[in-house]
Structures are given as C-alpha cells and as structure tokens.
Amino acid sequence: MKTNDAKEKSRIKERKKKADEKQKSILEMLKGHGAKIYDDLDNGQFPKFSIPSRSVGNIVYDKKLRQYILGNNAALRSSRNSAQLRSFTQLMWLAFFANRLTHEKKSSTLRDVYYSSQAFAIEFEDQSESDNIIVDLEAVTSKPREDFHIFPEERSSIFGDLTIEYTIPGYEGKSMNLSNHPDGYSIGPSLTTAELVDTSAEIVIAIEKGGLFTRFVEEQVDKKFKSIIINTGGQAPRSTRTLLKRLHDEMKLPVIVLTDGDVYGEHIAMVIKSGSANAAHLRELTVPDAKWVGVWATDIEKYKLPTIPMTESDIKRCYDLQKDPRYQDGVWKKELDVFLRLKRKAELEAFSKYGLTNITDKYLPQKLELAKSL
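For clarity, every value in this text was computed on a predicted model and none was experimentally measured.

Help me out: how do you make sense of the packing of aromatic side chains in this one?
Any pair of aromatic rings gets described here by the distance separating the centres and the angle formed by the planes. Overall, the coordinates contain 15 aromatic pairs when judged by the stated rule. Ring plane angle 55 degrees and centroid distance 5.8 Å describe the contact between Trp-93 and Phe-120, whose orientation is recorded as tilted. Of this pair, Trp-93 sits in helix α2 (residues 85-104) while Phe-120 sits in the loop between α3 (110-119) and α4 (127-141), and the two are 27 residues apart along the sequence. Its relative accessible area of 6% is what places Trp-93 among the buried residues. Residue class for Phe-120 comes out partly exposed when judged on its relative accessible area of 31%. Three or more aromatic residues joined by ring pairs make a cluster, and in this case those are Trp-93, Phe-96, Phe-97, Phe-120 and Phe-124.

Even after reading the chapter, I still don't get helix α11 (residues 312-322), so can you show me in this structure?
It helps to recall that an α-helix has 3.6 residues per turn; residues three or four apart then point in one direction. Within the sequence span of α11, burial applies to Asp-314, Ile-315, Cys-318 and Leu-321. Each buried residue of α11 lies within a common arc of 125 degrees when the element is viewed along its axis, so the set occupies one face. Residues of α11 that are exposed and point more than 90 degrees away from the buried face comprise Glu-312 and Lys-316. Where α11 is buried, its residues meet α9 (263-274), β16 (308-309), α12 (330-342) and β17 (344-345).

When you look at the sheet that holds strand β8 (residues 162-165) in this model, what are you seeing that I'm missing?
An order of β9-β8-β11 is seen for the three strands of this open sheet, with the pairing classed as antiparallel. A strand with exactly one partner marks an edge of an open sheet, and here the two such strands are β9 (175-177) and β11 (195-199). Pairwise comparison of adjacent strand axes, ignoring direction, gives a mean angle of 25 degrees for this sheet. Where β8 meets β11, four bridges bridge the pair, whose relative direction is antiparallel. Its bridge partner being in β11, Glu-165 is matched across the sheet by Glu-195. Sheet strands touched by helix α8 (residues 238-250): β8 and β11. Its angle to β11, the strand with the most contacts, is close to 55 degrees.

Would you explain the side chain of His-281 in this entry?
Its location among the elements puts His-281 in the loop between α9 and β15 (291-294). A distance of 2.8 Å separates polar atoms of two side chains, one belonging to His-281 and the other to Glu-138. Beyond its immediate sequence surroundings of up to four residues, His-281 is in contact with Arg-54, Leu-70, Val-135, Glu-138, Ala-139 and Ser-142.

Mind showing me how you'd approach the sheet that holds strand β7 (residues 157-159) here?
The strands making up a sheet are joined through hydrogen bonds of the backbone, oriented either antiparallel or parallel. The six strands are arranged β10-β7-β13-β12-β14-β15 in an open sheet whose pairing can be described as mixed. The two strands at the open ends of the sheet, each matched to only one other strand, are β10 (185-186) and β15. Sheet topology places strand β12 (residues 203-207) next to strand β14 (residues 255-258); four bridges connect them, and they run parallel. Among the inter-strand pairings, Ile-207 is bridged to a residue of β14, identified as Leu-258. Relative to strand β13 (residues 227-231), α8 is tilted by about 165 degrees, and along the sheet it contacts β7, β12, β13 and β14. Strands β12, β14 and β15 of the sheet are contacted by helix α13 (residues 358-371), whose axis makes an angle of about 145 degrees with β15.

Would you mind showing me how to read the pattern of salt bridges here?
Should their charged atoms come close, side chains of opposite charge can pair. Tallied over the entire structure, the rule returns 25 salt bridges. The partner of Asp-136 in a salt bridge is Arg-54, and the shortest N-O contact between them spans 2.4 Å. Taken together, the residues Asp-136 in helix α4 and Arg-54 in the loop between β1 (48-52) and β2 (59-62) connect sequence positions 82 residues apart. Arg-326 is the salt-bridge partner of Asp-324, the closest N and O atoms lying 2.9 Å from each other.

What should I look at first to understand unusual backbone geometry in this one?
Negative phi values dominate among residues other than glycine, just as trans dominates among peptide bonds. Cis geometry is found at the peptide bond from Gly-294 to Val-295, where omega equals 0 degrees. Of note, Ala-121 is a non-glycine position whose phi angle comes to about 60 degrees, a positive value. When you line up the elements, Ala-121 lands in the loop between α3 and α4. Phi at Gln-220 is positive, roughly 55 degrees, even though this residue is not glycine. One can find Gln-220 in the loop between α6 (210-218) and α7 (221-224). For Gln-220, a relative accessible area of 40% gives the class partly exposed.

Conventions and cut-offs
- Residues numbered from 1 in each chain as written.
- Predicted model: local features only at pLDDT ≥ 70, side-chain atom pairs only at ≥ 80, totals over all residues.
- Heavy atoms only, no water.
- Phe/Tyr/Trp six-rings, centres within 6.5 Å; stacked < 30°, edge-to-face > 60°.
- Helix = DSSP H or I, 4+ residues; strand = E, 2+ residues; numbered from the N terminus.
- Buried < 20%, exposed > 50% of the residue type's maximum accessible area, 1.4 Å probe, protein only.
- Arc of directions from axis to C-beta.
- Contact = heavy atoms within 4.5 Å.
- Pairing = 2+ DSSP bridges.
- Axes fitted to C-alpha atoms, helices over the stretch in contact; angles between N-to-C directions.
- Polar contact = N/O pair within 3.5 Å; in protein donor to acceptor, adjacent residues only side chain to side chain.
- Salt bridge = Lys/Arg side-chain N within 4 Å of Asp/Glu carboxyl O.

Structure, rendered in structure tokens:
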C-alpha cells in the first residue's frame, strides 16, 4: 500500500511539474514581448508589434498539415502611427492582462476581458473589438487564448469512462471520472486543462445536438460501444476542439463526428477535422484524422428520413463550400453535390420516425462499422 501511495504522490508531483513548466514557458514568452517594447524605448524607437497578416490573401490550405495556416505576410503595428496607436495600446494592455491571468492562474471569459479593460481605462467600443485584439495576441504569440486562461462560455459537455486529474489552483491532484454524472460534465477551463489519466473507451463520438447527447447517455452508448460522448453544442467551441485533439493525441482515441444532415453540419465536422480560416494562426485545434460519418445527404435517401427544404442561405452556403479546397474530393464533395440535388435537409432527430432508440440501435452501429473503412 505504501508503495502505491508513493507512486501516486510521484505521479501528482510530475503532473504539477509539467503544468508549472507550461505556465513558466507562457510567462517567459510574454516577458520576451514586453522586453522588446523596452528595447525599442531604450534605443529611441517607437515600440511596435509584428503581427502575422490574417487577411484572406495570406490564408492558405496546407495539405501536409491538413488545415488552413497563415502565410509569411506580416504587418507592423507601431505606436508611431497615430492611426494604430489605439489598437497598439489595446494589444499591449491585453498582453499585460494575459500575463496577470497566467501568473495568478485565474480564468477569464471573452466578456470578462471586455469589462476588465474598463478598470484600466482602456477603451473598447464593444466586445467584438476586444475579441479581435485577443486574436491579434494569439497571432503575435502563436498561442491560443486558452493558454492565457481566456475561455469562451461553456456550452458543450462530455460523458464517459475517462478519469481526469485537475490542475487548477485549489484542485490540484483531485481526480474525477466523467461517467459519474448522467447529465455529463461541462467542458470548461478546469476540464480542458486537466490531466487525462485513464480510460477504457476505444472511440470518441462527437455529436452536434444536446438532446441526442442525452439520448446517447440514456441508451448507454458509452458502455455499448466503449465510447466517450461529447456534445459539441453546434459548432464546437475551441475548448471542446482542444479536448478532442487531446483525447486523440494523448489517449490515442479515434474521433467520429455526427451532425445534422445539412451543409452546416458538414462544416461543423470539417472544422473539427481541419480548423477554420478564422483560426489559421493556430495549429493546436484540429483532429485531421477525425471522421464525419453522418448524417450524410445520401443518408436522407437511404434511410427515407423526414426532411425540410433547404433555404436560399443553405444553398448559397453549399456553393461557397464548393470553392473551398477541402470540399473538392471524397465524401465531402459527394455529399455537397447530393445536398444541392435534393435541396432538402434532415436533423439527427429525424431517426425518431422509426422509434426513439433507432439512432442508437441501428444507425450508429452501422456508421461505426463504416468508419473503419473511411
């Protein structure tokens, strides 16, 4: 027993060391950017930031990485330029605020950042302006805002046999199994940053709808298919995409994605797989091996699902995605073509036409088997 206790203490110590090293790395990086500001002043120059361009012309699809990335173009934001002085000051303050959050291990939301700026007499016209400055800081540092303890509102959840160990202050070393609560656990800062300790699961099922997530829990999909179930709540928040990537990379679990049978569902799956142009400045949010298994446009015909007509906006979105290089071959192209031919769409709940558990009893097993060949 003493040997086991010693091993457990050693394990906790090692994980704390790892978390501390990450914090130290972030703080040193921010300190380095701050030091450049002082260097500019010492050299009699106006302080400035070099920011990778996030313009459409500088966003390219990297086939090797299987995601969008930024090209080599960059722009200077200088305190010398009166037109840039406002955004320069905002960015410098945000770097200071991120440093404080990281140093104190405090969490903040995007909304918090907007209001916190007012305590320092830093003006943002609205939250969208402060959100843009946060993206600028990500681009400058090549680090996601979550590394600076800035998180979105929680709206996704997870359920299944996964033991985690918290790393946030006050909870270090405490563990939790995520199958203990039938409503699942919100994917927030504490869970996103927790150590992933152990699981008996063999696959992760990411599902777009909260209602279906509850159904999957009720029908014990986690046990029947040895899975971890994640409700993405529509377009998966970045914290959820980060967790999906960690489950794939650290726990070696394949990821499959189930969405509504429409063009937006197809894109939700693609964003999990290869990111978005908006986050082209980051490379830690994608699961390139993730597989979209439905609901496909061809499933609408195959399973004779109840449908609703596509709107003009849906159709326009299909044509927009056809121009995206990621949708120009394989299942991605085929299903877009079928959506445009049918001009109909179907929700995941449409399977209830055949009974409430049809989706878990019939459709899901077929798709899991199909996923092996994709």
